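Summary of the model geometry
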Amino acid sequence: MGLTAAHWVYLAGVVVIIGVTIARRNVLVPALAATFVTAWVMTGNPVTGVQAVFNASLTAASELFNIFLIIAMVTALLGALRAMKADQRMVTPFQKVMRGGWSAYVVLAVVTYGISLFFWPTPAVPLIGALLVPAAIRAGLPAMGAAMAIAVAGQGMALSSDYVMQVAPGLSAVAAGTETSAVADVALVLSLVTGVAALAITGVMLRRHMRRPAESNLEEWEAGVVAEPRPARRMLRKAKPAAAVAEPLRVQVEEKVPVGATVGGGGGTPPPAAPPAQRTGGGGDGIVPDQEPAPEPADDPRTVRLSKLFAAVVPIAFLLMMVYMVLGKAGVVPALEGGSAAALVGGLAAILVVFVVAAFDGPKKALQTTGEHVTDGLVFAFRAMGVVLPIAGFFFLGNADFAGEIIGVPEGQEAPALLVDLVTAAERFIPGNPLVVCFGILIIGMMCGLEGSGFSGLPLTGSLAGALAPNVGMDPATLAAVGQMGSVWTGGGVLVAWSSLLVVAGVTRVPVVDLARKCFLPVVAGLVLSTLVAATFF
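Just so we're clear, the structure is a prediction, and the values are computed from it rather than from any experiment.

1. Section: the overall build of the protein chain
When its secondary structure is counted, the protein chain shows 22 helices and zero strands. Considering the protein chain as a whole, with its 538 residues, one finds that 53% of them fall into the buried category. Of the roughly 22600 Å² of accessible surface on the protein chain, 66% is carried by carbon and sulfur atoms.

2. Concerning the packing of aromatic side chains
The full count for this structure, using the stated rule, is five aromatic pairs. Between the aromatic rings of Phe-36 and Trp-40, the centroid separation amounts to 5.5 Å while the plane-to-plane angle is 50 degrees, which identifies the pairing as tilted. With Phe-36 and Trp-40 both in helix α2 (residues 28-43) and four residues apart, the pair spans about one turn of that helix. Ring geometry for Trp-102 and Tyr-105: centres 6.4 Å apart, planes at 85 degrees, overall edge-to-face. Residue Trp-102 and its partner Tyr-105 are located together in helix α5 (residues 101-119), separated by three residues, close to a single helical turn. For Trp-102, a relative accessible area of 42% puts it in the partly exposed group. With a relative accessible area of 7%, Tyr-105 lands in the buried category. We note Arg-509 situated over the ring of Trp-221; from NZ or CZ to the ring centre the distance is 4.9 Å.

3. A look at the nonpolar core
Formed by 149 residues in total, the largest nonpolar core has its most connected members in Leu-108 and Leu-515. In terms of residue count, the dominant contributor to this core is helix α3 (residues 46-83) (16 residues). In this structure, Leu-515 is in contact with Met-144, Ala-147, Met-148, Leu-501, Val-504, Ala-505 and Val-510, ignoring residues within four places of it in sequence.

4. What to know about helix α16 (residues 400-407)
Turning to α16, its buried residues number three or more, namely Phe-402, Ala-403, Gly-404, Ile-406 and Ile-407. Positive backbone phi, at 75 degrees, marks Gly-408, one or two positions downstream of α16.

5. Quick look at the side chain of Gln-155
Summarising the element assignment, Gln-155 is placed in helix α8 (residues 143-161). When sequence neighbours within four positions are dropped, the list of residues in contact with Gln-155 reads Pro-121, Val-125, Ile-150, Val-488, Gly-492, Gly-493, Val-494, Ser-500, Leu-501 and Val-504.

6. Some words on a nonpolar patch on the surface
Taken together, the side chains of Leu-319, Val-323, Leu-327 and Val-332 define a hydrophobic patch exposed on the protein surface, amounting to about 340 Å² of accessible area. Along the chain, Leu-327 falls in helix α12 (residues 301-330).

7. Regarding unusual backbone geometry
Despite not being glycine, Asp-162 has its phi angle at roughly 45 degrees, a positive value. Assignment of secondary structure puts Asp-162 in the loop between α8 and α9 (167-176). Although it is not a glycine, Arg-509 adopts a positive phi angle of roughly 65 degrees.

8. A short note on the pattern of salt bridges
Overall, the coordinates contain three salt bridges when judged by the stated rule. For Glu-215, the salt bridge goes to Arg-138, with nearest N and O atoms at 2.6 Å. With Glu-215 in helix α11 (residues 215-222) and Arg-138 in helix α7 (residues 133-139), this residue pair connects regions lying 77 residues apart in the sequence. Overall, the relative accessible area of 29% leaves Glu-215 in the partly exposed class. Looking at Arg-138, the relative accessible area reads 8%, which means it is buried.

9. Brief notes about the side chain of Ser-161
Within the element layout of this structure, Ser-161 appears in helix α8. Leaving out residues up to four positions away in the same chain, Ser-161 has contacts with Leu-117, Pro-169, Ala-187, Leu-188, Ser-191, Gln-484 and Met-485.

10. Overview of the environment of Thr-35
Following the sequence through the fold, Thr-35 ends up in helix α2. A relative accessible area of 3% means that Thr-35 is categorised as buried. Sequence spacing of Thr-35 and Pro-390 is 355 residues, and the spatial spacing of their C-alpha atoms is 8.5 Å. Beyond its immediate chain neighbours, meaning those up to four positions away, Thr-35 contacts Ala-52, Val-53, Ala-56, Pro-390, Phe-394 and Leu-397. From its side chain, Thr-35 meets the backbone oxygen of Ala-31 in a polar contact 2.7 Å long.

11. Brief notes about the packing of helix α10 (residues 180-206) against helix α22 (residues 512-537)
As a packed pair, α10 and α22 sit with axes 8 Å apart at the nearest point and diverge in direction by 145 degrees. Two packed elements cross with a definite hand, and for α10 against α22 that hand is right-handed. Along its contact with α10, which presents Leu-190, Val-193, Thr-194, Ala-197, Ala-198, Ile-201, Thr-202 and Met-205, the element α22 presents Lys-518, Pro-522, Val-523, Ala-525, Gly-526, Leu-527, Leu-529, Ser-530, Val-533 and Ala-534. Grouping the amino acids of the contact of α10 with α22 by side-chain chemistry returns 13 nonpolar, four polar and one charged.

12. Some words on the confidence of the model for the protein chain
Residues of the protein chain with pLDDT of at least 70 account for 80%, and the chain-wide mean is 78. Scored below 50 in pLDDT, residues 226-295 makes 128 contacts in the model with residues more than four places away or belonging to other chains.

13. A short note on the environment of Pro-459
By the element assignment, Pro-459 lies in helix α19 (residues 458-472). Put simply, Pro-459 and Ala-175 are 284 residues apart on the chain and 5.3 Å apart in space, counted from C-alpha to C-alpha.

14. Observations concerning the packing of helix α18 (residues 434-449) against α22
Here α18 crosses α22 at 140 degrees, and the two axes come no closer than 9 Å. Classified by the angle their axes make, α18 and α22 are oblique. In the packing of α18 onto α22, the handedness of the crossing is right-handed. Residues Leu-435, Cys-438, Phe-439, Leu-442 and Met-446 of α18 form the contact with α22, whose participating residues are Val-524, Leu-527, Val-528, Thr-531, Leu-532 and Ala-535. Of the residues assigned to the contact of α18 with α22, the class counts are 10 nonpolar, one polar and no charged.

Criteria and thresholds
- Residues numbered from 1 in each chain as written.
- Predicted model: local features only at pLDDT ≥ 70, side-chain atom pairs only at ≥ 80, totals over all residues.
- Heavy atoms only, no water.
- Helix = DSSP H or I, 4+ residues; strand = E, 2+ residues; numbered from the N terminus.
- Buried < 20%, exposed > 50% of the residue type's maximum accessible area, 1.4 Å probe, protein only.
- Areas by Shrake-Rupley, 256 points an atom, 1.4 Å probe, with all protein chains shown as cover.
- Phe/Tyr/Trp six-rings, centres within 6.5 Å; stacked < 30°, edge-to-face > 60°.
- Lys NZ or Arg CZ within 6 Å of the ring centre and 35° of its normal.
- Core = buried A, V, L, I, M, F, W, Y, C linked by side-chain atoms within 4.5 Å.
- Contact = heavy atoms within 4.5 Å.
- Patch = residues over 30% accessible without salt bridge, like charges linked within 9 Å, V, L, I, M, F, W, Y side chains within 5 Å.
- Salt bridge = Lys/Arg side-chain N within 4 Å of Asp/Glu carboxyl O.
- Polar contact = N/O pair within 3.5 Å; in protein donor to acceptor, adjacent residues only side chain to side chain.
- Axes fitted to C-alpha atoms, helices over the stretch in contact; angles between N-to-C directions.
- Left-handed = near helix turned anticlockwise from the far one by under 90°.
- Nonpolar A, V, L, I, M, F, W, Y, C, P; charged D, E, K, R; others polar.
- pLDDT = per-residue confidence, 0-100.
- Parallel < 35°, antiparallel > 145°, perpendicular 65-115°, else oblique.

And the structure:
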């Protein structure tokens, strides 16, 4: 079937959204407008176009709400632990390793990669966010740097190879007509090349933004102050106002939302709240305190005991969860499949919230405060990530799995697949040169990943690999692995904000579109390098 007007309108919407994102503006309005026009042209009915604006966001919400709920429950758990200062005690052991921003950066990347390789990033990232991110922030790693390390190592490097579970290599191999192990082996090498290059470039980007280890780093992050990473300064400049050093985005304190940054990077700045704790020059941020802060009252013995108890109980609970997952893979206990692993993380976090609050506030008061912590978590998740839903809805409109529900295709009738049709139509313009074919498959994979699902494009890239490989004298497994890199690194949760990158942004408390934008250069550079490796050595 040839391309129709709906295909070109959808393509125009994709281009506009990408352009607005690069221009650092909020993409909500373009996404809504593109959804309306595309659905109108697809059906010829403007009323359906209006309905599609709502249905697209509703469909996206139903698909992504599990991610929102995980963010909410982990945020609620952190809030409950913070009330008794157990969060500070919990990260104390990591100070021996995370002595500075660079060591924290390396530890985050290595631990995230190891856990995500076995359990996928979605259940691993909340665990890392609860246990390691606070320690990394206190060690001097900027929140954006922590988010980039987790995204590159977990959502990108681990998931793109999927070497342990081998779901992604299996999809690619079946479509390409080759062995799963062959695709997995090549994908592992290419993912390491891409990931190491991206992490190195990210490190260069962060070299001037590391801060000195200080408790104030963690306090500011927990207070909900979102700012660009700031370089450490050894000397305070005279007559330089504190407001000139950085312009943090603060949420209104009365709403109890840790982070109120908008997703799209645009819009007005929220009303200022009470300033965070003043910091001395030891933190390296150049803020001069107006007065000495009042000493905090000492915690009572009961709070200290509970703080020590839950600082140990929470990590042990998550460790036992990981052991259960390992036993599931070994066949000792029922294996966790699909979203069951993520559900286990969210459910465990919710149960821990109840126990922590009940122990600290007492059973009677816990009935109220538990609800407050969960509400704060939900508000945080939707305030920080909710704008992504209309954006995801537009890209879901190009996916046959969701388009029927959005525009109301009757039961039994095939829904249009605009994005797949566009990619298939571009296939005939790819020349017969191995290097060009590799980059063509990479770009097609990245285009498929734009809908926010890293695995949905693998059948297409695998099929193209199987069809094009004999014509250019390449192994289909290599081309399939290249397409897998493009699709998973893009849609699996690194380059597009309407993917599982939401989880990373949620646990590190940074604007999700800003995170996707900052990951673009290092990841694309890594993908180019790995594609050159594939074309040259495989």
